[in-house]
Each structure stands twice: as C-alpha cells, then as structure tokens.
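In case you want the letters, here they are:
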Amino acid sequence: MKDSYLVSVVIPTYNSEKTLAKCLESIKNQTYKNVEIIIVDNFSTDETTEIARKHNANIIKIKAIRSKARNVGIWRSNGYFVLSIDSDMELTSKVVEECMNLICSDAKIGDVVIPERSIGRSFWVKVRDFERSFYAGTEIESARFFMKDLALKVGGFDEDVTFFEESTLPQKIEKSGYNTMRIKDEILHHEDNFYLLKWLKKKYYYGKTAWKYKARYGKYGKRQMSLYRRFELFFKQKRFYSKPSLALGVIALKSLEYASAGAGYMVGRMKG
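In this text the structure is predicted, and so the values were computed from the model without any measurement.

(A) Quick look at the pattern of salt bridges. Inspection of every chain in the model, using the stated rule, returns 21 salt bridges. Among the ionic pairs, Lys 61 bridges to Asp 41, the shortest N-O distance being 2.6 Å. One end of the pair, Lys 61, is in strand β3 (residues 58-61); the other, Asp 41, is in strand β2 (residues 35-41), with 20 residues separating them in the sequence. On the basis of relative accessible area, Asp 41 is assigned to the buried category, the value being 0%. Because the salt bridges share partners, they merge into one network encompassing Asp 158, Asp 160, Lys 172, Lys 212 and Arg 216.

Structure below.
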C-alpha cells in the first residue's frame, strides 16, 4: 500500500547548476519510485532551469527567501508526503524508501530526520562532517520528511526567520502531538564551495532573526542555540579527542560562528 503514496521532493534553487544534476540524479535513482520533483527557483541566471527540465522536474519561478520557497513548493506539490532538501544535497539510494517504511509504520509519526554528511575536499568541510557526527539523535538535527497535510495544517516553515529556519516546521509538528523518528540512510551534503568568510557572513545574516526564533521556540530553541550545549556534545565523547586537528577545527569554527551570529543577533534585536 505504501508504494501508492506519491512523495514530493521540494528543492529551492538559485544558480545551482554545479550541484543540481547530481541532486536530481540521486532522486531518480531512489529505490522508491513514486516521486515527483518540485523545483522552486529564485530566477536563476545560469543553467539551473535547463537542468531541472532535463530531469522532468516541475518548475515554479518565484522571488522568495528559502523558507517561503519551501512553503510554496509544499503548497503546489501533489504528494501525500514531502521531502525538503537543498540543491547541493545527494540522497543515498534508500532514503525515500526508509522514510516511507518508518512514517507508515505508526500514525503518530509526523516527520522523519535523515542524517547528513558533509562531503568535500577542504579542511573546513572535513571539520563540518566531524562536527555533524556528534549531533545524531539530538535537537540539533531537523526533520526533512513530512506528511503534507500536517505540514500545511501547522503553517509550514516560518517565513520571517532565517536562523534555524529548517527547524521551525518540525517543531510545530512535534508541538501538535506527533513524534519525530530517524532513519539510518544518509543525505550527502556537497560543500566543495565552502569558504570560511562567506560562511561567517551567512551566520551573521542568520543571526539577525535569532531573537525571533528564540522567543518562539522556548527551551528547545535555547538548547539548539547554546554554545555550551554544543561543546558538551563534543567534549563528553572520547571520540572527539581521537582526531585532534579536526577537534581543534570544530572548536575554532563554532567559536567564529557564534561570534558572527551573535553580532547579527544584536543588530537584529535592536532593529526588531
């Protein structure tokens, strides 16, 4: 019966030609075949739209930030379930199948977390992958697979929050009384274009709406935002000390991120 359910994969794009083909191929190669692809494009000026057409994706053109683009994709999708990913992500072959097996096994499961790996050659990407490995099963991870009707019922993603925006919909679903579960199959997040300065500028930008996120999502949000909580997850595991260069990189990166986001937080709070 579960094979009869259509799954809509929603992907916001903007000048995503370098990674989109690999992303779309990974959807095509899923063991679960009843899938449609929704591309919500922010008027790309490169070959993004042409790549999407070659892969028979449904294309929506809209000028919108990522959270609104995700919502538009959900609203315009035809699926019973929705998977929300980014254009630089590659799905391992059983991701959709495993999500379907899990969410169809219990009516109280409202969304599903998919583990992520950072893929790339640079030192900082290896640092990010090492960092991610300590978040398994914690509040730092956010679900990406949902029941469409439930996502719409709770209002989708918050469109005025960029800080942890991917977490806003899962938290609404959990607050409405549903459970979140986690599969083992992974998303590969291709980050070869990771540049530290550009990343820190993003963190500053995201930090401008952190005060809104903190106000709306209470203790859960505070734990997500807490630098102490992050370092606790690292320091309490012996595995963290097994790779000294990566461990030092994680400490340096998180410190810089929190400084950048903190500066954005103060600016956003004053303007808000």
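(B) Focus on the packing of aromatic side chains. Inspection of every chain in the model, using the stated rule, returns 22 aromatic pairs. On the numbers, 5.7 Å between centres and 20 degrees between planes, the contact of Phe 81 with Phe 145 is stacked. A residue pair is termed long-range when its members are at least 10 positions apart, and Phe 81 in strand β4 (residues 81-84) and Phe 145 in strand β8 (residues 145-147) qualify at 64 residues. Given the relative accessible area of 0%, Phe 145 is considered buried. Summarising the aromatic geometry, the rings of Phe 163 and Phe 164 are spaced 5.4 Å apart at their centres and angled 80 degrees between planes, so their arrangement reads as edge-to-face. Phe 163 sits in the buried class, given a relative accessible area of 13%. Given the relative accessible area of 14%, Phe 164 is considered buried. Here a set of aromatic residues connected by ring pairs shows up, and it is made of Phe 130, Phe 134, Tyr 135, Phe 231, Phe 234, Phe 235, Phe 240 and Tyr 241. Above the face of the Tyr 178 ring, Lys 108 is positioned so that its terminal group lies 4.9 Å from the ring centre. Taking NZ or CZ as reference, Arg 239 lies 4.0 Å from the ring centre of Phe 134, over its face.

How each quantity is defined
Residues numbered from 1 in each chain as written. Predicted model: local features only at pLDDT ≥ 70, side-chain atom pairs only at ≥ 80, totals over all residues. Heavy atoms only, no water. Salt bridge = Lys/Arg side-chain N within 4 Å of Asp/Glu carboxyl O. Helix = DSSP H or I, 4+ residues; strand = E, 2+ residues; numbered from the N terminus. Buried < 20%, exposed > 50% of the residue type's maximum accessible area, 1.4 Å probe, protein only. Phe/Tyr/Trp six-rings, centres within 6.5 Å; stacked < 30°, edge-to-face > 60°. Lys NZ or Arg CZ within 6 Å of the ring centre and 35° of its normal.

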